[in-house]
Amino acid sequence: MERMYMPEPGVVGKYIFTSKDQKGNLEDIIFRDTDKFNFAFDIVDEIAKKDPKKTALLHISKNGRERKISFEDMVKYSNRTANYLSYLGIRKGDHVLLVLKRHYQFWFLVLALHKIGAVAVPASFLLTKKDFEYRLKAGRIRAVVASGDGEITNEIDKAAKYYDHLKAKSIVNGTKAGWDSYNRSVKFFSPDFERPADAACGDDPMLMFFTSGTTSYPKMASHSHKYALGHYVTARFWHGIDAGGLHFTISDTGWGKAMWGKFYGQWLCEATVFTYDYSDFYAKEILGMIQKYKITTFCAPPTVYRFLVHIDLAHYDLSSLKNVTTAGEALNPEIFKRFYNATGLKIMEGFGQTETTLLIGTLQGTAPHPGSMGKPNPQYDVRILRPDGSPCGVDEVGEICVKTNESIPIGLFLGYYMDPDRTKAVWHDGYYHTGDTAHVDKDGYLWYVGRVDDIIKSAGYRVGPFEIENEIMRLPYVLECAATSIPDKIRGQAIKASIVLAEGTEATEALKKEVMKYLRNTLASYKRPKTIEFVKELPKTSSGKVRRVEIKEKDWEKETKNEE
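This one's a predicted model, so the numbers in the text were calculated from it and none came from an experiment.

Peer 1: Can you lay out the pairing of strand 13 (residues 246–249) for me, pointing to particular residues and giving the numbers?
Peer 2: Burial along strand 13 is two-sided: the face carrying Leu 246 and Phe 248 and the face carrying His 247 and Thr 249 are both buried. The pairing of strand 13 with strand 14 (residues 272–276) spans 3 bridges and is parallel. When the sheet's bridge partners are listed, Phe 248 is paired in strand 14 with Phe 274. Bridge count for strand 13 against strand 15 (residues 297–299) is 3 bridges, and the pairing is parallel. If you follow Thr 249 over to strand 15, its bridge partner there is Cys 299.

Below, the structure written as structure tokens:
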């Protein structure tokens, strides 16, 4: 029987049609009229025409100042910004680096770049001279717009000293010699900006992310204007957003996750984006924001939930929350359980990459299975494959791949910028290869195992770090942990557990023995750590992902030196 597609309500209905089963679960999704699509003109400007006073962004500064920015305001100030950037010499196709923390001007600037047809290149404010040197040269950056906070502009100036291709440098929330002041200048430009006849759209480049670099130096994932539409499922069916909602995603604007939760999908649903422009993370402050502003949907990485479950959540009114989600790395079932017991909310897990939108998720209507990523997003044809390219069976570990030989799904990246070899290494034989491994159970749920490089091969067995970490996280005094390989003369590789203890717990030899005893009763012998190390913190990327590779490299390097 032929599927009946129904357009979603509102402005987005022109572009997106969905098919659902009798229970309301998303079965399929199709996109129409995408070749001329430009998010800034076709979504934000159109919402402003329909409902100009509706709040697009509720922004809270680090000093507590509230700004309610309507869609009408968003159009006016993005137009002023587009005219301002054009005055600075920014043209269609230029790459513009944005280092703006969580400043509200970020939203004006990204929309302005979409209107001009320039490529937005977000970057984290935690980067230093060496990081910026790489990004300027590798990204062929033509202009930089950066926050005046801290040392950001100083680090960029050091990096740009021997880079001669910048047309302009603009500072937000500050002044500095050699930099134009965005705040001072933009107000002099017209609030009108006509859509150019040759406006960037469809498959034209729109956005470029630097990957988080958990296993190598950052690559540059390039996305087209269609990428924005790819986040409709992210927001509507995973975050659970509707037009009356207020959504809060924990993310610095320098990372792809900001576009997952602070930009495209939320406005495709005509909802309001909430952002808090903090510099240092304090879990109690975040809970206070949810309570005060009555956030309806919330998304944060597992790291945040690990902190939240160690707070007495009964002291906060979280009753406004309708749905909570997580992505970035796998969520330990024990954290799911503790959060649910404290709040009654089930954390809906999801999986995707800088190169994609949401690939796998516990979508609306799907019952979460703690520890599982959920089921494939219908806009992608997700397969679990063996190294030889054949499909894995039930419960068999393989690589998460996306089929692309028949059509390329909206949301998948264009490739790595100026790097055909790296692109070909992950996109070949009709599939995009994520480099992440998982297995699928008999009910169609996918369970994360680890990065291909994180798999531990010990005594002939292949062990994923996540299943070991899950058991360790059951211990109430464990805040975080990471399982990695260490050299072993007999088995080739053995397992090490690096553990961060919760506040107030003393790291003792007796506690190590207690952990070992617990794991002897809960893990098969080949999965048990040979070594346990208590550490103050785990190495992470600036986006919050644990860098197991860094722990592993140090241990293997240490062993090599000992042998010498």
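Peer 1: Would you mind going over the packing of aromatic side chains in detail, with residue names and values included?
Peer 2: What characterises a pair of aromatic rings is the spacing of the ring centres plus the angle enclosed by the ring planes. Scanning the model with the defined rule gives 30 aromatic pairs in all. Arranged with centres 6.2 Å apart and planes meeting at 65 degrees, the rings of Tyr 134 and Phe 210 form a pair that is edge-to-face. Of the two residues, Tyr 134 is situated in helix 4 (residues 129–138) and Phe 210 in strand 11 (residues 205–210); the sequence distance between them amounts to 76 residues. According to the relative accessible area criterion, Phe 210 is buried, its value standing at 5%. Measuring from ring centre to ring centre gives 5.2 Å for Tyr 305 and Phe 339, while their planes differ by 85 degrees; the resulting arrangement is edge-to-face. Linking Tyr 305 in helix 11 (residues 302–308) with Phe 339 in helix 12 (residues 333–343), this pair joins segments that are 34 residues apart in sequence. Both residues of the pair, Tyr 305 and Phe 339, belong to the buried class. Taking the ring centre of Tyr 278 as reference, the NZ or CZ of Arg 102 above it sits at 4.0 Å.

Peer 1: Now, about the side chain of Asn 25: what can you tell me, with residues and values included?
Peer 2: Position of Asn 25 relative to the elements: it lies in the loop between strand 2 (16–20) and strand 3 (26–31). Exposure remark for Asn 25: the relative accessible area of 16% places this residue in the buried category.

What counts, and where the lines are drawn
Residues numbered from 1 in each chain as written. Predicted model: local features only at pLDDT ≥ 70, side-chain atom pairs only at ≥ 80, totals over all residues. Heavy atoms only, no water. Buried < 20%, exposed > 50% of the residue type's maximum accessible area, 1.4 Å probe, protein only. Helix = DSSP H or I, 4+ residues; strand = E, 2+ residues; numbered from the N terminus. Pairing = 2+ DSSP bridges. Phe/Tyr/Trp six-rings, centres within 6.5 Å; stacked < 30°, edge-to-face > 60°. Lys NZ or Arg CZ within 6 Å of the ring centre and 35° of its normal.

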